[in-house]
Amino acid sequence: MSLALSTLLYEWRRYMAAIVALAFSGLLVLAQVGMFMGIGKAFTATIDRARADVMVLAPGATGLFNGGPSGVPRRVMPMVNSHPDVVSVADLDGSWGRWQNIVEGDGPRKSEGVQVSAIDAVPGAVTVPTDYSPALIEALRQPFGVAVDETSLNRLGVKLGDKAIYNGKTVRVVAVTRGYPNMMNAGIVVSRDTLRMLGEASNGERVGPLMVGLRPGATPEVVAAQLNAGARGQYKAWTRPELAKAGEAAMLQESFIVIMLGFSLFLGILIGVSITWQTLRGAIMANIKEFASLRALGVSMGSLRGIVMELSFWVGVVGILASGVLTWGVSLLARSFGMTMAFPIPMVAGVCIMLLVIALASGFLSLGVLKKSQPADLLR
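Each value, and the rule that gives it
- Residues numbered from 1 in each chain as written.
- Predicted model: local features only at pLDDT ≥ 70, side-chain atom pairs only at ≥ 80, totals over all residues.
- Heavy atoms only, no water.
- Helix = DSSP H or I, 4+ residues; strand = E, 2+ residues; numbered from the N terminus.
- Buried < 20%, exposed > 50% of the residue type's maximum accessible area, 1.4 Å probe, protein only.
- Polar contact = N/O pair within 3.5 Å; in protein donor to acceptor, adjacent residues only side chain to side chain.
- Core = buried A, V, L, I, M, F, W, Y, C linked by side-chain atoms within 4.5 Å.
- Pairing = 2+ DSSP bridges.
- Axes fitted to C-alpha atoms, helices over the stretch in contact; angles between N-to-C directions.

Here we look at the environment of asparagine 167
Here comes step 1: With respect to the element layout, asparagine 167 can be found in the loop between strand 7 (163–166) and strand 8 (169–177).
Here comes step 2: Looking at asparagine 167, the relative accessible area reads 35%, which means it is partly exposed.
Here comes step 3: Placed 31 residues apart in sequence, asparagine 167 and leucine 198 show a C-alpha to C-alpha distance of 8.4 Å.
Here comes step 4: Within the structure, asparagine 167 has its side chain in polar contact with the backbone nitrogen of arginine 98 (distance 2.8 Å).
Here comes step 5: Side-chain polar atoms of asparagine 167 contact the side chain of glutamate 200, separated by 2.6 Å.

Structure, rendered in structure tokens:
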């Protein structure tokens with residue numbers, strides 16, 4: 001075991017402030033990243049859990065929702081269905097309306113705008129997410145039955161089994177979903193038949209994004225490329241991973257997200273460097289006689305600087321581990337409240353590198369203290 005590592009292990013209290021500073025600096029940045037990417041994951045949940053292998057959108061769209069016009073002409077459906085590897089094509093239908101809960105007595109009255117998504121309430125249908133249980137699908141077969149995500153129940157003032165008013169018609173909450181939060185408008189899910197009974201099914205010349213199911217063994221990338229080759233500018237076919245990645249990229253292009261992440265990064269670096277530097281400097285000063293003894297034994301100044309830099313490296317490693325534990329705890333807390341957090345590996349790796357650079361920079365700034373490690377001071 002090296003001298004630097006043994007020093008950190010046996011005198012860990014002296015370096016705890018630096019480790020805590022690095023851990024919270026990483027948490028500050030990672031929590032912001034996780035929150036914003038989690039919001040993006042909420043919008044792409046329909047993509048990530050779809051049964052469809054390929055999705056067909058308008059040429060300029062970058063996402064299923066909030067990514068530009070995603071609808072396509074209805075005549076596109078038979079064109080896509082004619083591909084030999086395609087076994088099913090269905091459009092994603094939906095609407096938007098006003099939700100009001102039905103209360104008895106003096107209960108709280110809620111009125112919210114809700115985004116409605118429709119599925120074909122048939123097990124295995126291409127529009128049904130993979131995590132929908134058969135019981136949930138069966139529940140949605142009930143006329144005027146709706147499913148609400150657990151994060152929207154309080155917002156809409158309902159619970160399982162309650163009735164509510166949607167655009168003047170009475171609906172009933174027959175199921176509760178999990179993992180589909182919406183930070184903007186609350187979302188509800190209905191069957192396509194219920195959407196028709198509500199009078200809001202799409203009957204025009206344009207339909208929503210198309211969900212395309214392929215035969216077993218077909219390659220989604222190849223089918224998407226072949227569909228695009230014959231699109232003649234009328235649509236664009238995406239594989240699920242491509243569309244999800246495009247949604248994440250569009251999320252990071254939002255100016256307010258970039259500003260907030262940049263500000264968090266600046267604060268993390270400022271806090272990390274200032275506290276870590278002062279902590280390392282104080283710890284070296286506390287051990288100055290030990291360093292002087294090493295010099296008296298013939299250890300060069302260059303070797304002492306190497307010990308300090310290695311010590312800074314290990315402080316950075318422990319700080320990264322502590323930051324990971326804190327971030328994991330925060331993500332569990334957020335999940336308990338129904339909030340999704342996502343941590344892309346490239347961003348996590350970037351934060352780890354940032355923390356290590358902060359630790360090494362703090363160690364470099366502390367090297368000047370070694371000049372006070374004069375062997376003659378041991379005689380005083």
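Quick notes on the nonpolar core
Here comes step 1: Formed by 23 residues in total, the largest nonpolar core has its most connected members in Tyr15, Leu22, Val315, Val351, Met354 and Leu355.
Here comes step 2: For this core, the secondary structure elements donating two or more residues are helix 2 (12–48), helix 9 (255–286), helix 11 (301–336) and helix 12 (345–365).
Here comes step 3: Per-element tally for this core: the top contributor is helix 2, with ten residues.

Description of the sheet that holds strand 12 (residues 236–239)
Whenever strands of a sheet pair, they do so through backbone hydrogen bonds, lying parallel or antiparallel.
Here comes step 1: Within the open sheet, the four strands sit side by side as 3-11-1-12. Their pairing is antiparallel. At either end of the open sheet lies a strand with only one pairing partner, and these are strand 3 (86–91) and strand 12. The average undirected angle you get between the axes of adjacent strands in this sheet is 25°.
Here comes step 2: As defined by bridge partners, strand 1 (residues 54–57) adjoins strand 11 (residues 210–214) across three bridges and the pair is classed as antiparallel. Note that in strand 11 the partner of valine 56 across the bridge is leucine 210.

Purely geometric numbers; function is a separate question.
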